[in-house]
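Overview (structure and organization)
The lines below spell out each chain.
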Amino acid sequence: MAGRINDDDVKAVRDAVPIDSVVSEYLQLRNAGGGNLKGLCPFHDEKSPSFQVSPGKGLFHCFGCQEGGDTIAFVMKIDHLSFSETVERLAAKAGITLRYEEGGYNPSHQRGERIRLIEAHQAAAEFYVRALESPEAEIGRKFLAERGFDQDAAAHFRVGYSPAGWDHLTRYLRGKGFSDKELITSGLSQDGRRGPIDRFRGRLMWPISDTAGEIVGFGARKLRDDDNGPKYLNTPETPIYKKSQVLYGIDLAKKDIAKASRAVVVEGYTDVMACHLAGVTTAIATCGTAFGNDHIKILRRLLMDNGSARVIFTFDGDSAGQKAALRAFEDDQKFAAETYIAIAPDGMDPCDLRLAKGDDSVRDLVEPRTPLFEFALRQIVGRYDLETPAGRAAALDEAAAVVAKIKTSSVQREVAVQLAGFVGILDQEFVVHRVAQLARWARDKGGDNAERGARRGGPQAPRGAAPQQTAPGFSGPALNLRSPAHRTERELLKLALQKPALVSPAFDAYGVDEFTAPPYAAVRRCIEEAGGAEQGLADNREYLVAVMDAAPDNTVRSLVTELAVEVFIGKTIDETYAGMQLVHVRLRAVDRRINDVQGSLARLGSHVAPQDLAAAQNEVWVLQQYAQSLRAHGAAAL
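Starting from 1, residues in each chain are numbered consecutively following that chain's sequence as written. Only residues with pLDDT of 70 or above have their local features reported here, since the model is predicted, and side-chain atom pairs are shown and tallied only from 80 upward, although totals for entire chains, interfaces and linings are computed over all residues. Side-chain metrics in this entry use all non-hydrogen atoms of the structure; hydrogen atoms and water are not considered.

**Re the overall build of the protein chain**
- Looking only at helices and strands, the protein chain features 27 helices and 18 strands.
- Accessibility here uses a 1.4 Å probe with only protein chains present; expressed as a share of the type maximum, an area under 20% marks a residue as buried, one over 50% as exposed, and anything in between as partly exposed. Counting across all 638 residues of the protein chain, residues that qualify as buried make up 47%.
- Between two residues, a contact is recorded if the distance between any of their heavy atoms is within 4.5 Å. Summarising the internal contacts of the protein chain: among those between residues at least 6 apart in sequence, 65% fall at separations of at least 24.
- Only the protein chains shown count as cover for residues, with accessible areas throughout obtained via the Shrake-Rupley method and a probe of 1.4 Å. Per element, the accessible surface of the protein chain, about 30900 Å² overall, is 49% carbon and sulfur. A helix here means a DSSP run of H or I that spans at least four residues, while a strand means a run of E at least two residues long, and both kinds are numbered starting from the N terminus.

**Notes on the pattern of salt bridges**
- Salt bridges, as used here, are contacts in which a Lys or Arg side-chain nitrogen is within 4 Å of a carboxyl oxygen on Asp or Glu. Enumeration according to the criterion identifies 29 salt bridges in this entry.
- The salt bridge partner of Arg203 is Asp227, with a shortest N-O separation of 3.1 Å. Of this pair, Arg203 sits in strand 11 (residues 203-209) while Asp227 sits in the loop between strand 12 (215-222) and strand 13 (232-234), and the two are 24 residues apart along the sequence.
- For Arg203, a relative accessible area of 3% puts it in the buried group.
- Here Arg490 and Glu562 are joined by a salt bridge, their closest N and O atoms 2.5 Å apart. With a gap of 72 residues between them, Arg490 in helix 21 (residues 484-498) and Glu562 in helix 25 (residues 554-565) connect regions that are remote in the sequence.
- Overall, the relative accessible area of 11% leaves Glu562 in the buried class.

**Focus on the side chain of Ser361**
- With respect to the element layout, Ser361 can be found in helix 15 (residues 359-365).
- Apart from residues lying up to four places away in sequence, Ser361 is in contact with Leu353 and Arg354.

**Some points on the pairing of strand 4 (residues 51-54)**
- Neither face of strand 4 is open: one carries Phe51 and Val53, the other Gln52 and Ser54, and all of them are buried.
- A pair of strands counts as paired when DSSP detects no fewer than two bridges linking them. Here strand 3 (residues 36-39) runs beside strand 4; their pairing, made up of 3 bridges, is antiparallel. Looking at the pairing, Leu37 lines up with Val53 of strand 4.
- When strand 4 meets strand 5 (residues 59-62), the two strands line up antiparallel, connected through 4 bridges. From the neighbouring strand, Phe51 faces strand 5, where its bridge partner is Cys62.
- Taken together, strand 4 and the strand that follows it, strand 5, pair antiparallel across an intervening segment of 4 residues, in which Gly58 is found at a positive phi of about 70°.

**Quick notes on the pairing of strand 10 (residues 195-198)**
- The sheet contact formed by strand 9 (residues 189-192) and strand 10 spans 4 bridges and is antiparallel. Residue pairing for strand 10: Gln190 is matched across the bridge by Ile197.
- Counted between consecutive antiparallel strands, the loop separating strand 9 from strand 10 contains 2 residues.

**Some words on the nonpolar core**
- Among the nonpolar cores identified, the biggest contains 44 residues, and Leu144, Val159, Leu204, Trp206 and Tyr248 are the most heavily contacted of them.
- The element best represented in this core is helix 11 (residues 269-277), accounting for 5 residues.
- Residues in contact with Tyr248, not counting those within four places in the same chain, are Phe157, Trp206, Pro207, Ile208, Tyr269, Val272, Met273, Ile284, Ala285 and Cys287.
- We call a set of buried residues a nonpolar core when its members are Ala, Val, Leu, Ile, Met, Phe, Trp, Tyr or Cys and they connect through side-chain atoms within 4.5 Å of each other. In terms of nonpolar packing, the next biggest core, distinct from the first, is built from 37 residues, Leu59, Met548, Ala550 and Ala564 among them.

**Description of unusual backbone geometry**
- Residue Ser504 is joined to Pro505 through a cis peptide bond whose omega torsion reads 0°.
- Checked against the element boundaries, Pro505 lands in the loop between helix 22 (500-503) and helix 23 (518-529).
- Even without being glycine, Arg158 reaches a positive phi, approximately 55°.
- Checked against the element boundaries, Arg158 lands in the loop between helix 7 (151-156) and strand 8 (160-162).
- Residue Arg158 is classed as partly exposed on the basis of its relative accessible area, which comes to 30%.
- In this structure, Ser261 takes a positive phi of about 55° despite not being glycine.
- With respect to the helices, strands and loops of the structure, Ser261 is situated in the loop between helix 10 (250-260) and strand 14 (262-266).

**Observations regarding the sheet that holds strand 11**
- The 4 strands lie next to each other as 8-11-12-13, forming an open sheet whose pairing is antiparallel. Two strands close off the open sheet at either side, each with one partner strand: strand 8 and strand 13. Pairwise comparison of adjacent strand axes, ignoring direction, gives a mean angle of 35° for this sheet.
- As paired elements, strand 12 and strand 13 share 3 bridges and run antiparallel to each other. Across the sheet, residue Gly219 finds its bridge partner in strand 13, namely Asn234.
- Here the axes come from fitting lines to C-alpha atoms, over the contacting stretch only for helices, and the angles between their N-to-C directions go from 0 to 180 degrees. Of the strands in this sheet, strand 11, strand 12 and strand 13 are in contact with helix 11, which crosses strand 11 at around 70°.

Structure (structure tokens):
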């Protein structure tokens, strides 16, 4: 894996690729005034444009959904890429050669290796696609046809065929300039007695791509009885292929998954094909491994933790499929999405179902009906003898812990009532109370304690458990833009971000406590941690990046981008206008301090020590003189 990208190169990429040219590839932009552009937001549905781009600052911000950031952030979000993947893509676009840091190896060689492996897979995919048209591949074409896939379907999914000889692909890739070491490292070839030979031979081939659409591996299906290998053979673990971190079809499904906030998880390559051809274009599949943690991370990036998001698992109705469903349920709470299970009649998978009953049956199959937790519940209860009191008690203990994990309290209560019926307990409120008790213990002590409490009859905290941390960001009353104080603070922060020359160096002497709105105080703190508004005098873009990097969470970061692109209230933005905002914010802070000191003296009355009284009276006098000077002389008195 390549090291960290050099900071200067990241800056060069930001400067070299104009944000408006990148955004224009995805949506139409028109003039919004003040040097900004606007268009319909690509991240949420809207009828009037609230998405703004500031080419001069290299930032975007949507005033509807609050998404914002720089060019890199935009590409990361819209194409669902990591930071390094995005920088590499933009660098290639700008013709910039990146340098990598960290690690005891040659970084440029490492990155060159990745590019070469991707190129080898692309060349192999083209080779396999052409080979599917050969006479030898008739068996592969017949396999596809028998499952309802014609030539167009094969072309759409880039299905190919690996010739049955020992080294057809190896010789082809050698002719393309790839070394034997590259072919072995890629997993396309393997060591033979006389040198590299093809890993995949005489099989139907599905290319496996990452979210960026780059082919990183293959899945190969056995076609002949004399093939002694497994039914499905996948690319081994390589520098670019980790089976726990890839999902087949993600490159085709990602935009529809993000748009519909819905994903359908199936079990095989032909199931993905059948779903997409039937109109279920959000279908994806794991590649030779169980659905796990890394797969959840991929889907969460696409689903964007939308509360209305849905993930539907389709598993075979056999015991193996039921075990797969229960494994998926173990990770259910890591989703912000609601999870469901779909099992076709007669245990058919989506491919067989489409072949037997048509496209409509596939679309109907994946309509959310049975929540995954309900399916898991039935499986758990079914393991116990419910004819005996001991069996019912044991079933309740295990299943109640499952119900306690349900996120929505109203759904939790409803399922608890269902659980009472499943177990055969007439007192529904007893079951509801038991579940609620376990849920409270889990909230108070940590996620796994529902099960511990169910087993031991009381709340149990794990030894050495760390105290819960308060989420970063800001807290306090909501912004009130009718408040003159809040409006002025907002305008001053906009000046500090957009036109720092007009408020520096005075602004950097302002304390965080001079901003009464907690969100604005959080932004002021970010500017302070980025080195102050003075940093924006030399390079405004880098200064804004530093302020965003200082944000403790996405909420504060979103407010920074919002203030950095929002137009000013005033018509003429000059030193006079900036001075007015500086004075108003400082004056209110001074008046607040005077009121605080005088209020404290009034409350204490005669109980104040003489020396403390004298010090407080002197502070009030100094503050009053300062306030009078500010009112008389404006910014000159700062």
